[in-house]
Amino acid sequence: MANNAESAESTYTLRYFNVVGIIETIRLLLLASKANWSEVHPEWPQEKYDQPFGRMPVLIEKSADGNPDFVLTESRTIERYLARKYGFMPTDLKEAARQEQLRDLQADVGILSNEVRLGAGDEAKERLQFLIDRLIEFHTEVLKENGDTGYFLGNKLSYIDMALYGFFSLIFSHPPLSIPTYVQDIKKSITPEIKKVIDNVESHPLLRDHLIGITQLYPLLE
Amino acid sequence: MSATAKSSYILRHLKNTGLGETAILMLNASKSSWTEENPKWPQEKPNQPFGRLPVLIEKSSDGSPDFALTESGAIDRYLARSLGFFPSDPKKTAHQEQLHDRIADIIPLIVQEIQGVNTNSKEKINELIAKLKEALPESLKTNGSSITPGGSGLTYMDFFIYAFFRHFVTFCELKAPEYAAQFKTMLTPEVTRVISNVYAYSNLQSHVADDKNVFSFLA
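Residues numbered from 1 in each chain as written. Chains lettered and ligands numbered in written order. Predicted model: local features only at pLDDT ≥ 70, side-chain atom pairs only at ≥ 80, totals over all residues. Heavy atoms only, no water.

Draft legend 1. Examining the overall build of chain B more closely. The secondary structure content of chain B amounts to eight helices and four strands. Shown N-terminal to C-terminal, the secondary structure of chain B runs as helices and strands in the order β-α-β-β-β-α-α-α-α-α-α-α. Over its C-alpha atoms chain B spans a radius of gyration of 18 Å, differing by no more than 12% from the 17 Å that the globule rule assigns to 219 residues. With respect to the three principal axes, the spread of C-alpha positions in chain B is 50 × 45 × 35 Å. Within chain B, the proportion of its 219 residues that are buried is 51%. Intrachain contacts of chain B at a sequence separation of at least 6 include 61% that bridge at least 24 residues. Split by element, the accessible area of chain B, about 10,200 Å² in all, is 52% carbon and sulfur. A gap of 1 Å separates the mean positions of the 23 positive and 24 negative side-chain charges of chain B. (Helix = DSSP H or I, 4+ residues; strand = E, 2+ residues; numbered from the N terminus. Rg over C-alpha atoms; globule rule 2.2 N^0.38 Å. Buried < 20%, exposed > 50% of the residue type's maximum accessible area, 1.4 Å probe, protein only. Contact = heavy atoms within 4.5 Å. Areas by Shrake-Rupley, 256 points an atom, 1.4 Å probe, with all protein chains shown as cover. Lys, Arg positive; Asp, Glu negative; His and termini not counted. Charge placed at Lys NZ, Arg CZ, Asp CG, Glu CD.)

Printed below as a string of structure tokens:
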């Protein structure tokens, strides 16, 4: 277990909807950190105004030493907090910034994908295709620079391995119906370097039990 | 010792988006060696390392390759971290990032409404603004800077709050005045103190001098 002087035995509650959604990366981070955590699914919209900003996800960290709960919202802020706390963010600031850049690009694609799903027209669809191509290209480049090890950092799991998996799970679970071949086209464009990462995430001993269900619903590979 | 002590930077951005303004404040506040570029767009798109703006290019002094970074959030956080503008407590840092993200969530909704791309968000925008207004004073109190006379002690949050009111709220005054009016009700003593502290910081003097025309309370 992570040895963190301030909260060696923090326990977490994660509040969200009972879907893959935008928090799969948070789930994977909590699993990989071996933290003590549970997920709750508040009644919605009845419990909307019980949430700190009327939105979810919400992460509540209870420390073992009686300090007040630490409450955090905004999904990628939660990810970065957990990734740094449990050693999944590179310690080199430039490498960390690169992972954050890739993650923000994933989020740009996720948001645009959702806009197309909700009816945005041809210009948005073209931009979406452009961004997806760039996303695959940039992730593959970083993997090659790392020696094509099947991980983005050295030879072990780091933040962006899990985030990339969470990103694909999200967009495959909610594809825009106006692009009928959306999921198949993206799967075909997944490079061998990225495929290795997906395989490593799916077979990771701390993640594989959780991911068996996701892979059945939204298989990332053909 | 930080490698960036001897780095110099290029920030390439489109001025009208306001996306580079927090980075510019931090680069000036840290007295970093840096230059600003405003490329012709979209003509210069193929010449950018990632085909997008803003982009930060960090040139080291020891001959190692340039470091290029895109995504305005990633750029801002990288500069905040490497220039020493994050609180030392990771929980406070996370709460500063949370406040930034809450503001950042509202901006594209308003921009889309102005562009006529998405006109159904008014209720959501008003709700987010109301919640931001509620959350702001507490955020500043618990995660704010300890400003010392002379201005050191400014953090990431001070800069993005300043940039938000200086640029985006000013933009809203022209294009979305009903939202500008709501944002200006957030100028409570806690918030104007943050803006005044940034304005008064000696390292920023030449950059912010004209801003007293924007913020009447600075006069």
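After presenting the structure, the write-up continues.
Draft legend 2. Region of the structure containing the confidence of the model for chain B. In this model, chain B carries an average pLDDT of 90, and 94% of its residues clear a pLDDT of 70 or more. Per the prediction output, this complex has pTM 0.94; the corresponding ipTM is 0.93. (pLDDT = per-residue confidence, 0-100.)

Draft legend 3. The arrangement of the side chain of A:Asp104 in detail. Mapping A:Asp104 onto the fold places it in helix 3 (residues 93-117). At 2.8 Å, the side chain of A:Asp104 forms a polar contact with the side chain of A:Arg76. (Polar contact = N/O pair within 3.5 Å; in protein donor to acceptor, adjacent residues only side chain to side chain.)

Draft legend 4. Quick peek at helix 6 (residues 182-189) of chain A. Residues and elements named next belong to chain A. Here helix 6 has its buried residues at Tyr182, Ile186 and Lys187. Each buried residue of helix 6 sits inside an arc of 125° when the element is viewed along its axis, so together they form one side. In this structure, the buried residues of helix 6 make contact with helix 3, helix 4 (122-145) and helix 5 (159-173). (Arc of directions from axis to C-beta.)

Draft legend 5. Main features of helix 4 of chain A. Residue and element names in this part refer to chain A. Along its 24 residues, helix 4 runs 35 Å from first to last C-alpha, staying within 8% of the 34 Å computed at 1.5 Å per residue. When we look at burial in helix 4, the residues that qualify are Ala124, Leu128, Leu131, Ile132, Arg134, Leu135, Ile136, Phe138, His139, Thr140, Val142 and Leu143. In the stretch just after helix 4, glycine 147 is the one whose phi turns positive, near 90°. (Expected span 1.5 Å × (residues − 1).)

Draft legend 6. Inspection of the side chain of B:Thr93 at higher detail. Residue and element names in this part refer to chain B. Within the secondary structure, threonine 93 is located in helix 3 (residues 90-115). From its side chain, threonine 93 meets the backbone oxygen of proline 87 in a polar contact 3.1 Å long. Look past the residues within four positions of threonine 93 in its chain and what remains in contact with it is Arg81, Phe86 and Pro87.

Draft legend 7. Structural view of the nonpolar core. Of all hydrophobic cores here, the largest spans 70 residues; its most connected members are A:Leu82, A:Phe168 and A:Leu207. Broken down by element, this core gets its largest block of residues, 10 residues, from helix 5 of chain A. For A:Leu82, the contacting residues outside a window of four places in its chain are A:Tyr12, A:Ile26, A:Leu29, A:Leu30 and A:Leu59. Within the second largest apolar cluster, 61 residues are counted, among which are A:Phe53, B:Leu154, B:Phe165 and B:Leu218. (Core = buried A, V, L, I, M, F, W, Y, C linked by side-chain atoms within 4.5 Å.)

Draft legend 8. Representation of the packing of aromatic side chains in the model. Tallied over the entire structure, the rule returns 18 aromatic pairs over all chains. With centroids separated by 5.3 Å and ring planes inclined at 65°, the aromatic side chains of A:Tyr16 and A:Phe17 adopt a geometry described as edge-to-face. On the numbers, 5.1 Å between centres and 90° between planes, the contact of B:Phe164 with B:Phe183 is edge-to-face. Linking B:Phe164 in helix 5 (residues 156-175) with B:Phe183 in helix 6 (residues 177-184), this pair joins segments that are 19 residues apart in sequence. With respect to burial, B:Phe164 and B:Phe183 carry one shared label: buried. The structure contains a cluster of three or more aromatic residues connected by ring pairs, namely B:Phe164, B:Phe165, B:Phe168, B:Phe171 and B:Phe183. The cationic tip of A:Arg134 hangs over the ring face of A:Phe130; the distance from NZ or CZ to the ring centre is 4.9 Å. (Phe/Tyr/Trp six-rings, centres within 6.5 Å; stacked < 30°, edge-to-face > 60°. Lys NZ or Arg CZ within 6 Å of the ring centre and 35° of its normal.)

Draft legend 9. Broad picture of the interface of chain B and chain A. With 31 residues of chain B at the contact, the number on the chain A side is 32 residues. The interface formed by chain B and chain A holds nine salt bridges in total. Across the chain B-chain A interface, the total number found is 17 residue pairs in polar contact (both at pLDDT 80 or more). When residues of the side of chain B that touches chain A are traced back to their parent elements, those giving at least two are strand 4 (67-70), helix 2 (72-82), helix 3 and helix 4 (122-143) of chain B. Looking at the side of chain B that touches chain A element by element, the count peaks at 10 residues for helix 3 of chain B. (Salt bridge = Lys/Arg side-chain N within 4 Å of Asp/Glu carboxyl O.)

Draft legend 10. Seen up close, empty space enclosed by the protein. A complete count under the given rule lists two cavities of 30 Å³ or more for this structure. In this structure, the largest cavity encloses a volume near 50 Å³. As for the largest cavity, its lining consists of A:Arg84, A:Leu93, A:Ala96, A:Ala97, A:Glu100, B:Ala74, B:Arg77, B:Tyr78 and B:Arg81. If you list the elements that add at least two residues to the lining of the largest cavity, you get helix 3 of chain A together with helix 2 of chain B. Class assignment of the residues belonging to the lining of the largest cavity gives a composition of five nonpolar, no polar and four charged. What the second largest cavity holds in volume is close to 30 Å³. Lining the second largest cavity are A:Gln101, A:Leu105, A:Phe138, B:Arg52, B:Thr70 and B:Glu71. In terms of residue class, the lining of the second largest cavity is built from two nonpolar, two polar and two charged. (1 Å grid on protein atoms, 1.4 Å probe; cavity = no way out; pocket = protein on both sides within 12 Å on 5 of 7 lines; lining within 4 Å. Points joined across faces, edges and corners; volume = space filled by probe spheres on them. Nonpolar A, V, L, I, M, F, W, Y, C, P; charged D, E, K, R; others polar.)

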